[in-house]
Amino acid sequence: TSYLEEIAKLRAEVTHTKELQDEIDDLKHYCSVKKTAMMELTDQLSKSKMETEDLRLSMKENKWVTGKDFVKCYQCKAEFGVTRHKHHCRNCGMIFCNDCSDHKMLLPSSSQLQRVCDECRKMLYTKGASKWVTDGSGTPRKSVS
């Protein structure tokens with residue numbers, strides 16, 4: 001009977017060893033999946049940092065112009081007067097009429113919605129810089145772009 005007991009113990013150890021090996025294999029797979037996810041997140045973070053830096057640099061290059069230098073809208077060339085007022089785009093700094101700058105967005109430089117021209121609005125959407133916009137009514141809504 002001692003041989004049979006010894007064989008039973010060995011079989012139990014073999015079974016336990018196989019279970020442990022299965023656990024090791026599962027953990028290796030889990031670590032591999034997590035490593036892949038970490039590498040993907042690292043790539044995304046690097047891309048986001050580069051895009052943020054590009055946006056920061058593009059905004060830094062923009063020059064705030066003085067209103068007295070402009071008698072016409074920078075975009076549509078309509079003349080300013082009593083009924084057509086000048087508005088600065090808070091992103092590029094140029095002067096526009098209301099029709100050409102009737103959008104408000106959250107800019108990286110501000111915590112409040114800011115007036116932007118049509119071109120800056122398109123550029124900021126493309127770069128994903130703003131998540132909140134208005135349609136001119138002043139009511140903020142989540143951007144779907």
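Now for a description of the structure that goes with this document.

Quick notes on the rules
- Residues numbered from 1 in each chain as written.
- Predicted model: local features only at pLDDT ≥ 70, side-chain atom pairs only at ≥ 80, totals over all residues.
- Heavy atoms only, no water.
- Helix = DSSP H or I, 4+ residues; strand = E, 2+ residues; numbered from the N terminus.
- Buried < 20%, exposed > 50% of the residue type's maximum accessible area, 1.4 Å probe, protein only.
- Contact = heavy atoms within 4.5 Å.
- Areas by Shrake-Rupley, 256 points an atom, 1.4 Å probe, with all protein chains shown as cover.
- Salt bridge = Lys/Arg side-chain N within 4 Å of Asp/Glu carboxyl O.
- Phe/Tyr/Trp six-rings, centres within 6.5 Å; stacked < 30°, edge-to-face > 60°.
- Lys NZ or Arg CZ within 6 Å of the ring centre and 35° of its normal.
- Core = buried A, V, L, I, M, F, W, Y, C linked by side-chain atoms within 4.5 Å.
- Arc of directions from axis to C-beta.
- Pairing = 2+ DSSP bridges.

Attention now moves to the overall build of the protein. Scanning the protein for helices and strands turns up 2 helices and 6 strands. Sequence-ordered secondary structure for the protein, helices as α and strands as β, is α-β-β-β-β-α-β-β. Across the 145 residues in the protein, those meeting the buried criterion constitute 23%. At a minimum sequence separation of 6, the contacts of the protein that also span at least 24 residues come to 37%. With the model as given, the accessible surface of the protein reaches about 11,100 Å², and the carbon-plus-sulfur share is 56%.

Once that is clear, we can look at the pattern of salt bridges. Applying the stated rule across the entire model yields 1 salt bridge. Residue Glu119 is joined to Lys122 by a salt bridge in which the shortest nitrogen-to-oxygen separation is 3.5 Å. Linking Glu119 with Lys122, this pair stays in helix α2 (residues 118–127), spanning 3 residues, or about one helical turn.

Following the criterion strictly, the structure yields 2 aromatic pairs and no others. On the numbers, 6.4 Å between centres and 70° between planes, the contact of Phe70 with Tyr74 is edge-to-face. Judged by centre distance (5.9 Å) and plane angle (85°), the rings of Tyr74 and Phe96 are edge-to-face. With Tyr74 in the loop between α1 (2–61) and β1 (87–88) and Phe96 in strand β2 (residues 95–96), the pair connects residues that are 22 residues apart, well separated along the chain. Judged by its relative accessible area of 42%, Tyr74 is partly exposed. Among the aromatic residues, those joined into a cluster by ring pairs are Phe70, Tyr74 and Phe96. Its end group placed over the ring of Tyr74, Lys77 keeps NZ or CZ at 5.2 Å from the ring centre.

In this section: the nonpolar core. Across soluble globular proteins, nonpolar side chains show a tendency to be buried alongside one another. Judged by nonpolar contacts, the single largest core of 18 residues is most densely connected at Cys89, Cys92, Phe96 and Val116. Those elements that place two or more of their residues in this core are β2 and α2. Here this core gets 3 residues from one element, more than from any other, and that element is α2. Residues within four places of Cys89 in sequence aside, it is in contact with Trp64, Met94, Phe96, Arg115, Val116, Cys117 and Cys120.

Every buried residue of α2 is listed here: Asp118, Cys120, Leu124 and Tyr125. The arc that holds the buried residues of α2, viewed along the axis, is 165°, so those residues lie on one side.

Now for the environment of Ile95. Tracing the chain through its elements places Ile95 in strand β2. When the C-alpha positions of Ile95 and Gly67 are compared, they lie 6.8 Å apart, and in sequence the two are 28 residues distant. Apart from residues no more than four positions distant in its own chain, Ile95 is found in contact with Val65, Gly67, Phe70, Cys73, Tyr74, Phe80, Lys86, His87 and His88.

With that settled, consider the pairing of strand β4 (residues 113–116). Residues of β4 alternate between two faces, with Gln114 and Val116 buried on one and Leu113 and Arg115 left unburied on the opposite face. For strand β3 (residues 103–106) and β4, the ladder comprises 4 bridges, and the chain directions are antiparallel. The partner of His103 across the bridge, within β4, is Val116. What sits between β3 and β4 in their antiparallel hairpin is a turn of 6 residues.

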